[in-house]
Every structure is written in structure tokens, then in C-alpha cells.
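# Summary of structural features
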Amino acid sequence: MLLAGAGPARGQAAVQRVTVELTFDGATPHPIIRERLEATVASVAERLLLGRPLEQVTALLPRPEETIAGVVERVTAGYAVADAAVRPGIVTTVAVRLRPLGAVVRDVAVILDLRAVHPRVQPLLTTLVQTGAAAEVRALVTALPVASLEWAGPLVELRVRDVVEAALPGFTATARIHPGESAQLDLPIVPKDSRVIRNIGVRFRSTSIPIVLLDQHGPQVASMAEPLRGLPVAFAEAFRRALERLLNEELAAYPPADEYNIVATSRLEVAETTYLTVSAESLVYRARVEARLNIGPSAPGPEVVAHLGRLIAPPLEPFVEIRLVPTPLSLTADLGIRYEVSPVSSLGATYAPSTQETMLWTTLQVSPDLGLRGEWALPTQIFEGTLTYRINEFLAWELIGTSRGDVWLRLTSNL
């Protein structure tokens, strides 16, 4: 009968809106718990007061604050109404102070279940959760009366899921709370997306080691990348750099890399079929063999070039290049030196005893697949420029032009 009430008489002021002021004795619970409690108080107060003439609000028996307190205590287990007040007006304010009943959650142990993830990747997920999501997960339950978990548990579990999905893209979690003053929250992490890494391909790149020598290590490198299999594509894309660092640690510990002074770095192209490109460079030697097919009316004939150099200081490399031209058959050797200005650029000079010609040159690697080279020949004073586009680890197209107006294409194969 109190909730039904009577409609306001004409000309009487009535309650048009209800606002809630909620306070707590002791620690304030997490905002989503507070919001739910505020919504509960607001719902009860609106059903009782909204639209009621102000004269009726002040004359209600039992008093409206007593009615609100009684209903709120019945639906919010774990809390008692320590004080309640109603300040009537067109905008009526309901002030409620809650105090916790019984035991309160003092600390929360978050137990991660990462069995769905390869052991090599588990530390990464653990770090991401502990540095990001874990603090909010604990705050959801800390300072909450243990008895309140009866109605707050589903709210906490939904929020935990959202927090985990934000911290670990492509993953989700179904939280389970074990109540108590020292609560435990079990958090199994599993892939959410159907797009996961299913296959892994390995490719090698090198300017100092023949590809044929690297290819034989493909199976071992593929096994290093096995922890990536089953990871959500969204997660691998978001944390590609961290996964590459993990693989770089594996490559650095690979015995042949240590034995032959090789530095190997990885680059991932993430998709359901993920490709791992390994750039391997020797710290001591520079060796490569290239087959070159020149195409065009002014193009020279095909040739095979073998390059062998040794670093005598970190940026300085003397080298010899042996050229085999099949038609007409000839074999020549050039001497040279290269100075590495930066990891992507270098300067050098090459001397050809057979023609007594000296070439001064510079190179710039714009990206892993795009490079530039400029060469100045003495004494002929002919400039040659080359634009290189690498198709894959074996093949590259080169567009070559000279100051004499000659232009041709070259297909280069790394052997």
C-alpha cells in the first residue's frame, strides 16, 4: 500500500527525480560493486517516492528511510544500513551509509591456470597478467564482505573476464572464487578466438652466410617456434616484439650460433600460417654466392659471383670477389674493402686487376626487402645505380641504370 500510494493532487509539488548518496564504514568496495549497491538503493527509493507529493513523503509511516533500509538489507547480503536519510524535494536525495557484516575479504590470491598455453610462453602471459590485470582483479574482491560474494560473485566474474580479455587479446578467462577472508580466485586462461597460429614456416636471410648452409638448420629453428602454435593471432600480433625476443633468446643459445660466432634475429609475420624470418650474420666472416641473370638489350651476360670477406675490426671488412662468366668462359678475382657506416649503410671500394678499374660504391638498406646501391667507376667515370627488391630469401629483382643511358633488369639468386 505504501509503494502504491496516491497520485498527486493538482497543484501539489511531487518527487520528479531521486538521487542517491552512498557511503561506507571502512573501505569502499570496487566501483562495480558500489554501482550495483547504488542502483539497488535507487530502485527501491524510486518505487517508493517517485511521483509522490512531497506532503505524503514527509507523512509516510513507516518513515521512507526505514522502508528503504529494510528492503536494501534484504537484497544486499553482507551489508547493513548504518544510517539512512531522505531529504524530500522535487529532486529527492536518499543518503545511505552501509557497514559490512561479518568477515571481510582481506587479501586475494590469483591462481593462473595456463595449461592451454605452451610452457615457453607461460612466463610472458604471467607477467602481462601480474603487471596489468592482477591488481584490478584483486581490487574487485578486496574489502568486500564475504557474505556479499553470494550476489557479487557473478559481477566479479564478468569483470574479471573483461579485464583478462583487455590484457591478453585473443584470450578469455572463466573466474571461480573461493570465498574467505583470504580468498582465492582461480583464473584459467584459454584462447577465445578461433583464429590461432596453426602452421609455422621458417625463412632465412643473410648477407654473410650462404643460404644453402642455413637451410639445413630449418627443422631446429622450426622447433624453437613451436611454442607459438595455438596462440591466438590477435595476441601474437599485439605482442609480436615480445615473442621475437623470446625466439632471439632461443637462437642465441643454439650451439652452432655460438660455435661459429653468428648473430641471429627473428621477425614474425603473424597469421594462421605464421612465417618466421631469421636474419643470420657472421661476426667474423662474410660469404655468399649469387647467380645473376641480366635481362635487356644493353645488359651484360649472366654470371656467378662468390664473395668472401673477413672482419678485421667491427666495421671494416677486406674481401675478394670471384666472378665466373659462362659465355665466353672467364674467371676473374676482384679485391675490395667495405666500411660499415651503420647497420643499414656502408661504403666501399673494389679493384679489378683484370681491367685495372677501381669502383667506389655505397649501399643503403631502406627496408628488409628494399635496397639501394650507387657505384662510381674509375677511370671510366661511369656511374651505376641499382634498386633492389627482394622477393624472398632466394630471389631478388634489381633495376640497374648507368650514366651512359643503359638500363636493364637483373634477377639475382642467393645460392
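What counts, and at which threshold
Per chain, the residues get numbers from 1 upward, laid out in the order the sequence is written. Restriction of local features to residues with pLDDT of at least 70 applies here, the model being predicted, together with a cutoff of 80 or more for giving and counting side-chain atom pairs; totals for whole chains, interfaces and linings are based on all residues. The side-chain values count all of the structure's non-hydrogen atoms but skip hydrogen atoms and water molecules. For two strands to count as paired, DSSP must find a minimum of two bridges between them. By the criteria applied, helices consist of DSSP H or I runs no shorter than four residues and strands consist of E runs no shorter than two, each listed in order from the N terminus. Axis lines are fitted through C-alpha atoms, for helices just across the contact stretch, and the angle between N-to-C directions can take any value from 0 to 180 degrees. In this analysis, two residues are considered to be in contact whenever any of their non-hydrogen atoms come within 4.5 Å of each other. The term polar contact refers here to a pair of N or O atoms within 3.5 Å; inside protein, the definition further demands a hydrogen-donor-capable atom paired with an acceptor-capable atom, and it admits residues adjacent in sequence only when both atoms are side-chain atoms. Each residue gets one of three labels from its accessible area relative to the maximum for its type: buried under 20%, exposed over 50%, partly exposed in between, using a 1.4 Å probe on protein chains only. Cavity means a closed set of points on a 1 Å grid over the protein atoms alone, one where a 1.4 Å probe fits but cannot get out, pocket means an open set with protein on both sides within 12 Å along at least 5 of 7 lines, and lining means a residue has an atom within 4 Å of a point. Grid points are joined across faces, edges and corners, and a volume is the space filled by probe spheres set on the points. Lys, Arg, Asp and Glu make up the charged group, whereas Ala, Val, Leu, Ile, Met, Phe, Trp, Tyr, Cys and Pro make up the nonpolar group; the residues left over, Gly among them, are polar. The working definition used for a salt bridge is a side-chain nitrogen of Lys or Arg within 4 Å of a carboxyl oxygen of Asp or Glu.

## Looking at the sheet that holds strand β19 (residues 395-402)
The 10 strands lie next to each other as β11-β12-β13-β14-β15-β16-β17-β18-β19-β20, forming a closed barrel whose pairing is antiparallel. For this sheet, the mean inter-axis angle between neighbouring strands, taken without regard to orientation, is 25°.

## Brief notes about the environment of T93
Mapped onto the elements of the fold, T93 is located in strand β3 (residues 91-100). Sequence spacing of T93 and A45 is 48 residues, and the spatial spacing of their C-alpha atoms is 9.4 Å. Contact partners of T93, with chain neighbours within four places excluded, come to T19, E21, A85, V86 and R87. Side-chain polar atoms of T93 contact the side chain of T19, separated by 3.3 Å.

## A look at the side chain of T386
Inspection of the secondary structure puts T386 in strand β18 (residues 382-390). T386 sits in the buried class, given a relative accessible area of 9%. Apart from the residues lying within four places of it in its own chain, the contact partners of T386 are G371, L372, R373, E398, L399 and I400.

## Here we look at the layout of surface pockets
Gaps between atoms show up when a probe of the same size as a water molecule is rolled over them. The volume enclosed by the second largest pocket comes to roughly 390 Å³. At the level of secondary structure, the elements contributing two or more residues to the lining of the second largest pocket comprise α6 (211-215), α10 (255-259), β9 (262-269), β10 (273-282) and β11 (285-295). Considering every element that reaches the lining of the second largest pocket, the biggest residue donor is β10, with 3 residues. Of the residues that constitute the lining of the second largest pocket, the class distribution is 18 nonpolar, 5 polar and no charged.

## Some words on the sheet that holds β10
Across the sheet, which stays open at both edges, the 3 strands sit in the order β8-β10-β9 with mixed pairing between neighbours. Of all strands in the sheet, those with a lone pairing partner are β8 (199-205) and β9, marking the two edges. Neighbour-to-neighbour, the strand axes of this sheet turn through a mean angle of 25°, independent of strand direction. As defined by bridge partners, β9 adjoins β10 across 8 bridges and the pair is classed as antiparallel. The residue bridging T265 from the neighbouring strand is S279, located in β10. Sheet contacts for helix α9 (residues 240-252): β9 and β10; angle to β9, the most-contacted strand, approximately 150°.

## Here we look at the pattern of salt bridges
Inspection of every chain in the model, using the stated rule, returns 30 salt bridges. As a salt-bridge pair, D113 and R115 come within 2.7 Å of each other at their nearest N and O atoms. On the basis of relative accessible area, D113 is assigned to the partly exposed category, the value being 23%. On the basis of relative accessibility, which here comes to 73%, the residue R115 falls in the exposed class. Through salt bridges with shared partners, a single network forms among R288, E290, R292, E303, E321, R323 and D334.

## Section: the environment of L268
Along the chain, L268 turns up in strand β9. Sequence-wise, L268 and E66 are 202 residues apart; in three dimensions their C-alpha atoms are separated by 65 Å.

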